[in-house]
Amino acid sequence: MSTASAASTAVIFIIVLVVLILIVLASCIRIVPQANAFIVERLGGYRTTWGVGIHFKMPIFDRVANKVLLKEQVIDFKPQPVITKDNVTMHIDTVVFFQITDPKLYTYGVEYPISAIENLTATTLRNIIGDMELDQTLTSRETINTTMRANLDVATDPWGIKVNRVELKNIIPPAEIQEAMEKQMKAERERREAILRAEGEKKSTILVAEGKKESAILEAEAEKQAAILRADAVKEATIREAEGKAQAIEAVQRATALGLKYLNEAAPTRDVLTLKSLEAFEKAADGQATKIIIPSEMQGIAGLASTLTELVKK
């Protein structure tokens, strides 16, 4: 019975030992995820840096001293009091974008790296703002950001840290300065409003004047065109009237010529010619002339005409 008990105890001991060995072996297997790095020490000294993947370490002798995140990180520091060149105290909070490039230097380069970056940022900001006046500080954000990034990047390089960007999040001047700035901005807005209003009235006046000018030009042009049209109408009427008179004269002349032609073809006698002459003088006497001069040779013809008239009456 004692032999069986001893055997069972030995089996249990072996099982427990195997379980412990498996636990120890399992603890020696480490998997490093993406964008991470593990710093491994052996007996208190730096041994190696593990990258992404599965790794094995010696139990008891090796240990993971630090887990380093390799992604770009952002730190928003609380507002820091700074004094400008013209002795104005204001508060500025900064945002630093950095990335760990050397996990070994980051682990062993400086104690509390984030705190070191914060203090370095504050001192660098005070040095830069101390050389600038208030107005220049408010209008030179990009210059301040670039200068701070360059200075911080150089200072943090021995720590295995690369500063990618630095941004001034807020610049908070004293309350009286803010009030004065608000009054100045209000006055500037009112001045711009007055300028815009004056320019609008000026443009409106110019447009009205130009409209009147164009209207007068159009009226003068219309009057000119009307005068030209009236002159053309009068000219055309005169031409038509002259053409009508010319056609009438031409018709009279043609009729006269035709009458003479028919008269010549009829071979009139002397007596007929004498009567025609008398008819012509009769028509002449019907006009407004007060005197009619009759040639002497026509007097005999007139006597002859009287004789003929009497004969006709008898």
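Residues numbered from 1 in each chain as written. Predicted model: local features only at pLDDT ≥ 70, side-chain atom pairs only at ≥ 80, totals over all residues. Heavy atoms only, no water.

## Re the overall build of the protein
Regarding its fold elements, the protein presents 8 helices and 9 strands. The buried share of the protein, taken over its 314 residues, is 21%. Here the analysis covers contacts within the protein between residues at least 6 apart in sequence; of these, 61% occur between residues at least 24 apart. A total accessible area of about 22600 Å² is found for the protein, and carbon and sulfur atoms account for 60% of it. (Helix = DSSP H or I, 4+ residues; strand = E, 2+ residues; numbered from the N terminus. Buried < 20%, exposed > 50% of the residue type's maximum accessible area, 1.4 Å probe, protein only. Contact = heavy atoms within 4.5 Å. Areas by Shrake-Rupley, 256 points an atom, 1.4 Å probe, with all protein chains shown as cover.)

## A look at the sheet that holds strand β3 (residues 45-50)
The strand order across the open sheet built from 3 strands is β3-β2-β5, with neighbouring strands paired in antiparallel fashion. Edge strands, defined here as strands with exactly one partner in the open sheet, are β3 and β5 (62-69). Neighbouring strand axes in the sheet, compared pairwise and without regard to direction, differ in orientation by 25° on average. When strand β2 (residues 36-42) meets β5, the two strands line up antiparallel, connected through 7 bridges. When the bridges of β5 are listed, Ala37 appears paired with Val68. (Pairing = 2+ DSSP bridges. Axes fitted to C-alpha atoms, helices over the stretch in contact; angles between N-to-C directions.)

## A short note on the pattern of salt bridges
When their charged atoms lie close together, side chains carrying opposite charge are able to pair. This model, assessed by the stated rule, comprises 11 salt bridges. With its nearest N and O atoms 3.0 Å apart, the salt bridge here joins Arg63 to Glu41. Taken together, the residues span a long stretch of sequence, with Arg63 in strand β5 and Glu41 in strand β2 at a distance of 22 residues. For Arg63, a relative accessible area of 47% gives the class partly exposed. The salt bridge partner of Glu179 is Lys183, with a shortest N-O separation of 3.8 Å. (Salt bridge = Lys/Arg side-chain N within 4 Å of Asp/Glu carboxyl O.)

## Some remarks on the confidence of the model for the protein
When pLDDT is averaged along the protein, the result is 80; 81% of the residues meet or exceed 70. pLDDT under 50 marks residues 307-314. Its contacts with residues more than four places away, or in other chains, come to 0 contacts. (pLDDT = per-residue confidence, 0-100.)

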